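# Structure at a glance
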Amino acid sequence: MIIAVDGPTASGKGTIAKALAAHFGLPHLDTGLLYRAVGRQVSLNGGNPDDAEDALAATGFADSLLDDPQLRDEETGGLASRVSVHQAVRQALFERQRAFATQDGGAILDGRDIGTVIAPEAEAKLFITASVEARAQRRFVEMRERGAGVTLLEIQDDLRRRDERDRNRAVAPLIPAENAMVIDTSALGKDEAIAAAIEAVTEAVS
Ligand code: DC
């Protein structure tokens, strides 16, 4: 069974995907990390994330980079969003994601284009969304705990910019797959969101 979980930044898709993986006993791949590694590698190379050749060169990052805690930073998230607009970058990361999705026994992947491009045959497709305000508030609390000095408004602006780039890019834009189940987590607590996702997947595969 393949489960595809797509949605914008800070929608809760990562938390939901991890919980689904534990519930259904499936291996999980956070595909955003691959794009974040490319973004970080461009920066380590002194390259330009908006340049397709520089971004493509960075897809040869070492696997050890995936464990770098800096990948989770807002700054790396922004770089990831910029390198992800290049078709050559998406193509270079395709096989790795496809192989993970089609492994024996099934898998769960979260990202932006899992249900539309990477695994259109997935048995269950979820699109996790939430208002910019709700997502910014969650990110704000997370960042305050980490001691980062950003304001709620700055986070909202950044999320809007990244949403716009992810939704309007020419290749593999962030849109729900035709047969995806949309879950809006704006007014849901973590446990409620996870329960709604488990119910939706159970329904889809039964
Ligand atoms: O999910 P995330 O915030 O870690 O993703 C970072 C960026 O990577 C996001 O802004 C767009 C890009 N991305 C993508 O284009 N396709 C994916 N499957 C996953 C992430």
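Attention in this report is confined to the structure presented alongside it. Note that the structure is a prediction, hence the values are computed from the model and not measured.

What counts as what
- All residue numbers refer to positions counted from 1 along the written sequence of the respective chain.
- Reporting in this predicted model follows two pLDDT cut-offs: at least 70 for local features of residues, and 80 or more for side-chain atom pairs to be given and counted; totals over whole chains, interfaces and linings ignore these cut-offs and use all residues.
- Side-chain calculation: all heavy atoms of the structure are included, whereas hydrogens and water are not.
- Salt-bridge detection follows one rule: a side-chain nitrogen of Lys or Arg within 4 Å of a carboxyl oxygen of Asp or Glu.
- Secondary structure elements follow DSSP: runs of H or I no shorter than four residues count as helices, runs of E no shorter than two count as strands, and numbering proceeds from the N terminus.
- Note on exposure labels: buried denotes an accessible area under 20% of the residue type's maximum, exposed denotes more than 50%, and partly exposed covers the range between, all computed with a 1.4 Å probe on protein chains only.

The tally for this structure, following the rule as stated, stands at 17 salt bridges. R162 is the partner of E74 in a salt bridge, and the nearest nitrogen-oxygen pair spans 3.8 Å. One end of the pair, E74, is in helix α4 (residues 74–83); the other, R162, is in helix α8 (residues 152–168), with 88 residues separating them in the sequence. Pair check on accessibility: E74 and R162 agree, each one buried. For R167, the salt bridge is made with D163, and the minimal N-O distance between the two is 3.7 Å. One end of the pair is R167 and the other is D163, both in helix α8 and four residues apart, which spans about a single turn.

It is worth spelling out unusual backbone geometry at this point. Of all residues except glycine, most have a negative phi; of all peptide bonds, most are trans. At A10, a position not held by glycine, the phi torsion is positive, near 65°. Considering the arrangement of structural elements, one finds A10 in the loop between β1 (2–6) and α1 (13–24). The class of A10 is buried, set by a relative accessible area of 16%. One non-glycine residue, A172, lies in the positive phi region at around 45°. Structurally, A172 is set in the loop between α8 and β5 (181–184).

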